[in-house]
Amino acid sequence: MIRTLCLMLMLLCASAQAITLDQLQQRFASQPVIRANFEQVRTISGMSQPLVSRGQLLIAQQQGLWWHQATPFVMTLILDDKRMVQSMSGQPPQVITADSNPQMFQFNHLLRALFQADEKVLRENFELDFHDKGNDQWQLSLTPKAAPLNKIFNRIDLQGAAFLNSITLDDKQGDKTAITLSDTRTKPKQLTDEERARFAPAQ
């Protein structure tokens, strides 16, 4: 009985420990492949109804980010270390590289850093305000340090637990974008052949 009580006490103490940003990054780094569904709600100043889109995303540490919007229209976005590719039905893919559009490519790296809680990249671009909310819940608020990000965003908020659950972007024009992730999965830990093909260079 004493041993059982001691074990329960140890488990309670472990769960009560505050999570740090460094621990959070280590947790995300241990997840080589993440799959999830998303809902994106854009509230635009002057519009009575928000714009809502839904789809799936795939984050692979070695390959990059695959973002597939299914509604209200089909659009696929691929972000990796060398390029950003946007594809829409019936149109040739648009490819952006660091040479062709340096500012957009900087945002490419930022977007991947947000999903992977990359502390180094985030600290280079933002003032960080990290809060442990208890019960393994956390919130990270990002305030841009310099141009061009401070000309675009007031603040970016990330919230989650074992996984990233939501990203909220508050921009300078008074618009807000809320991305909610659901059904997050880490297995299989390797990409399937079909998933690997998503990152193949555009023809």
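Along each chain, the written sequence defines residue order, and numbers are assigned to residues from 1. Local features in a predicted model are, by the rule used here, given only for residues with pLDDT of at least 70; side-chain atom pairs are given and counted only at 80 or more, and totals for whole chains, interfaces and linings are based on all residues. In computing side-chain values, all of the structure's heavy atoms are included and hydrogens and water are not.

(A) Structural detail: the sheet that holds strand β2 (residues 51-60). Between any two strands, at least two bridges found by DSSP are needed for them to pair. Working definition: helices are DSSP H or I runs of at least four residues, strands are E runs of at least two. Numbering for both runs from the N terminus. Across the sheet, which stays open at both edges, the 11 strands sit in the order β6-β5-β4-β3-β2-β1-β11-β10-β9-β8-β7 with antiparallel pairing between neighbours. Both outer strands of the open sheet, β6 (94-96) and β7 (126-134), are each paired with one neighbouring strand and no more. Strand-to-strand, the axes of this sheet are offset by a mean angle of 15°, without reference to chain direction. One ladder, built from seven bridges, connects strand β9 (residues 153-160) with strand β10 (residues 164-171); its direction is antiparallel. Within β10, the position partnered with Ile156 by the bridge is Leu169. For helices, the fitted line uses only the C-alpha atoms of the stretch in contact; every axis is such a line through C-alpha atoms, and the angle between N-to-C directions lies from 0 to 180 degrees.

(B) Structural view of the confidence of the model for the chain. Within the chain, residue pLDDT values average 83, and 89% of them lie at 70 or more. As a per-residue measure, pLDDT reflects the predictor's confidence and takes values from 0 up to 100. The least confident element of the chain, judged by mean pLDDT, is helix α1 (residues 2-16) at 28; the most confident is strand β1 (residues 33-43) at 96. By the convention used here, residues are in contact when the closest approach between their heavy atoms is within 4.5 Å. Under a pLDDT of 50 for its full length, residues 1-17 has, in the predicted model, one contact with residues more than four places off or in other chains.

(C) Representation of the nonpolar core in the model. Counting 35 residues, the largest nonpolar core has Leu57, Leu114, Phe115, Ile156, Leu158 and Ile167 as its most contacted members. When residues of this core are assigned to their parent elements, the largest contribution, five residues, is made by helix α3 (residues 102-116). Apart from residues lying up to four places away in sequence, Leu57 is in contact with Ile34, Arg35, Ala36, Phe38, Leu65, Trp66, Trp67, Phe115 and Leu181. Side-chain atoms within 4.5 Å are what join buried Ala, Val, Leu, Ile, Met, Phe, Trp, Tyr and Cys residues into a set we call a nonpolar core. A 1.4 Å probe rolled over the protein chains alone gives each residue an accessible area, and that area as a share of the maximum for its type sets the label: buried under 20%, exposed over 50%, partly exposed in between. Ala60, Trp66, Val85 and Leu191 belong to the second largest nonpolar core, which has eight residues in total.

(D) Broad picture of the pattern of salt bridges. When a carboxyl oxygen of Asp or Glu is within 4 Å of a side-chain nitrogen of Lys or Arg, the pair counts as a salt bridge. A complete count under the given rule lists nine salt bridges for this structure. In this structure, the salt-bridge partner of Lys120 is Glu124, at a minimum N-O distance of 2.8 Å. Taken together, the residues span about one helical turn, with Lys120 and Glu124 both in helix α4 (residues 119-125) at a distance of four residues. For the pair formed by Lys120 and Glu124, the shared burial category is exposed. The partner of Asp157 in a salt bridge is Arg155, with the nearest N and O atoms 2.8 Å apart.

(E) Representation of the layout of surface pockets in the model. Of the pockets and cavities examined, the largest pocket occupies roughly 1,000 Å³. Cavities and pockets were defined on a 1 Å grid built over protein atoms only: a cavity is a set of grid points that admits a 1.4 Å probe from which the probe cannot escape, a pocket is an open set flanked by protein on both sides within 12 Å along at least five of seven lines, and lining residues are those with an atom within 4 Å of any such point. Every residue lining the largest pocket is counted, 36 residues in all, and those nearest its centre are Gln40, Arg42, Leu77, Phe107 and Leu111. The biggest single contributor to the lining of the largest pocket is α3, with seven residues. Space inside the second largest pocket adds up to approximately 180 Å³. Looking at the second largest pocket, the residues that line it are Gln61, Gln62, Asp81, His109, Arg112, Ala113, Gln116, Asp118 and Val121. Element by element, the count of residues in the lining of the second largest pocket is highest for α3, at four residues. Grid points are joined across faces, edges and corners, and a volume is the space filled by probe spheres set on the points.

(F) Local environment of the environment of Asp175. Its place among the elements puts Asp175 in the loop between β10 and β11 (176-185). Residue classification places Asp175 among the buried positions, given a relative accessible area of 8%. Once the C-alpha coordinates of Asp175 and Phe153 are considered, the two residues, 22 residues apart in sequence, prove to be 9.6 Å apart. For Asp175, the contacting residues outside a window of four places in its chain are Thr43, Ile44, Ser45, Leu169 and Asp170.

(G) The packing of aromatic side chains, seen in detail. Two aromatic rings, drawn from Phe, Tyr or Trp (for Trp, its six-membered ring), form a pair once their centres lie within 6.5 Å of each other, and the interplanar angle then sorts them: stacked below 30 degrees, edge-to-face above 60, tilted otherwise. One pass over the full model with this rule turns up two aromatic pairs. Each ring, one from Phe38 and one from Trp67, has its centre 3.8 Å from the other, and the planes form 25°; the classification is stacked. Placement of the pair is Phe38 in strand β1 and Trp67 in strand β3 (residues 64-71), with a sequence separation of 29 residues. In this structure Phe38 comes out as buried when scored by relative accessible area, which is 3%. Residue Trp67 is classed as buried on the basis of its relative accessible area of 8%. For a ring to carry a charge above it, either NZ of a lysine or CZ of an arginine must fall within 6 Å of the ring centroid while also lying within 35 degrees of the normal to the ring plane. One cation-aromatic arrangement involves Arg198 over Trp66; the distance from NZ or CZ to the ring centre is 3.9 Å.

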